[in-house]
Amino acid sequence: MDSLTNTIHAVPLNHYILLSAIIFSIGVMGVLIRRNAIVIFMSVELMLNAVNLLLTAFSVYRGDASGQVFVFFIMALAAAEVAVGLAIIVMIYRNTNSVDINVLNRLKW
Amino acid sequence: MSTFYFIAFLSIFFSILVITAKNPVHSILYLILTFFTFTVHYILLNAQFLAVVNFIVYMGAILVLFLYTLMLINLNKESEPVKPFMVKIAGVFGGGILAVALASSLKLVATSNPVILKNPDLGLVKNLGKVLFNEFLLPFEVSSILLLSAMVGAVLLATKDPKTAS
C-alpha cells in the first residue's frame, strides 16, 4: 500500500478539481440531452460522485478527516434519494406507461 | 503519477459512454464501470474506508436497485424517447460552457501544490470512526431517521393504491 500511495505524490490538486469539474459537466449534459427518466437519474448520481471524489481529495490535501465523513453522509443521502426517486419513477410508469419526461410536462393527468 | 491520469481518462471515457449509450441497460453497466474507477481513485488517495463503502453501497446496492427498476418497467428500444438533434447540440454546448467556466474561474490550468498524504492512516476505519462518533454523532443518528423515512416513503409510493387499481 505504501508504494501505491507514493504514486499519488506528484499529482497537483488542480488536476483533481479539473477531473471533478469535467465529470460534473458530463452529468449536466446527461440531464440536458436525455429524455429517459432513469438515465437522467443516473446522470445525477454521476454528479454526486464527482463531488464525493473532490471532497476526498480536499480531505487528503488538508489532512482533515471531516471531509471523508461528509462523503460517508452523502452516500447515505444518495441511497435514500435513489430509493424514493426510483419509487416515483415506477409510479409514473404505472400511470403513463412510459418513462419519457416530456409526458410529464403538465405535472397532472 | 501516471496511474492517476490513466484512471482519470477511464472515468471520463466511461461517464461519456453512460450518457450516450442508446440502451438504458448498457448505460447502467457503464455506470458500474465508472463507479469502479472512482473506487480506484479512493484507493489511490488511501481512503480505504470510502473505497469499500463506495464498492458496497454504490456498486452493490444502488446500481442493483437501478437494474431491478429497469427490469420491472420493461423498456424496449422502440419506446426509447429521443430528443431533437438541436436540443442535444444545445445540451452538449451548455455542459461544455459549464466546464470551461469552472476551469477558467478556478484557474485550473495553473500549477498548484501537489496532493500529499501527510498522515498515512487518515482514511482508515479506526481514524474515521473516531471522528464520526465524536464530532458527528448527532448527524449520524439523524441520518438513520432519514433512511427510515426514505424507506417508508418508497414503500408508500411504489405500492398500488387499492382504490384506484382496476
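Where an unreviewed UniProt entry is consulted, chain B appears under the name NADH-quinone oxidoreductase subunit J, with the organism given as Mucilaginibacter lappiensis. The annotation that UniProt attaches to chain B under Sequence similarities (unreviewed entry) is "Belongs to the complex I subunit 6 family." According to its UniProt record, chain B has this under Function (unreviewed entry): "NDH-1 shuttles electrons from NADH, via FMN and iron-sulfur (Fe-S) centers, to quinones in the respiratory chain. Couples the redox reaction to proton translocation (for every two electrons transferred, four hydrogen ions are translocated across the cytoplasmic membrane), and thus conserves the redox energy in a proton gradient."

Under an unreviewed UniProt entry, the name given to chain A is NADH-quinone oxidoreductase subunit K, and the organism recorded is Mucilaginibacter lappiensis. In its Catalytic activity (unreviewed entry) section, the UniProt record describing chain A reads: "a quinone + NADH + 5 H(+)(in) = a quinol + NAD(+) + 4 H(+)(out)". According to UniProt, the comment filed for chain A under the heading Sequence similarities (unreviewed entry) is "Belongs to the complex I subunit 4L family."

J.: Describe in detail the overall build of chain A, supporting the description with residues and values.
T.: Along its length, chain A carries four helices and zero strands. Along chain A, from the amino end to the carboxyl end, the secondary structure elements read α-α-α-α.

J.: Tell me about the UniProt feature "transmembrane region" (unreviewed entry) in chain B, and please be specific about residues and values.
T.: Residue and element names in this part refer to chain B. UniProt records the feature "transmembrane region" (unreviewed entry) at residues 6–21, 28–45, 51–73, 85–106 and 136–158, using the numbering of this structure. The distance from the first to the last C-alpha atom of residues 51–73 is 31 Å, and the span holds 100% helix and 0% strand. Its end C-alpha atoms 32 Å apart, residues 85–106 is made of 95% helix and 0% strand.

What counts, and at which threshold
- Residues numbered from 1 in each chain as written.
- Chains lettered and ligands numbered in written order.
- Predicted model: local features only at pLDDT ≥ 70, side-chain atom pairs only at ≥ 80, totals over all residues.
- Heavy atoms only, no water.
- UniProt positions renumbered as here; feature names shortened; annotations may be inferred.
- Helix = DSSP H or I, 4+ residues; strand = E, 2+ residues; numbered from the N terminus.

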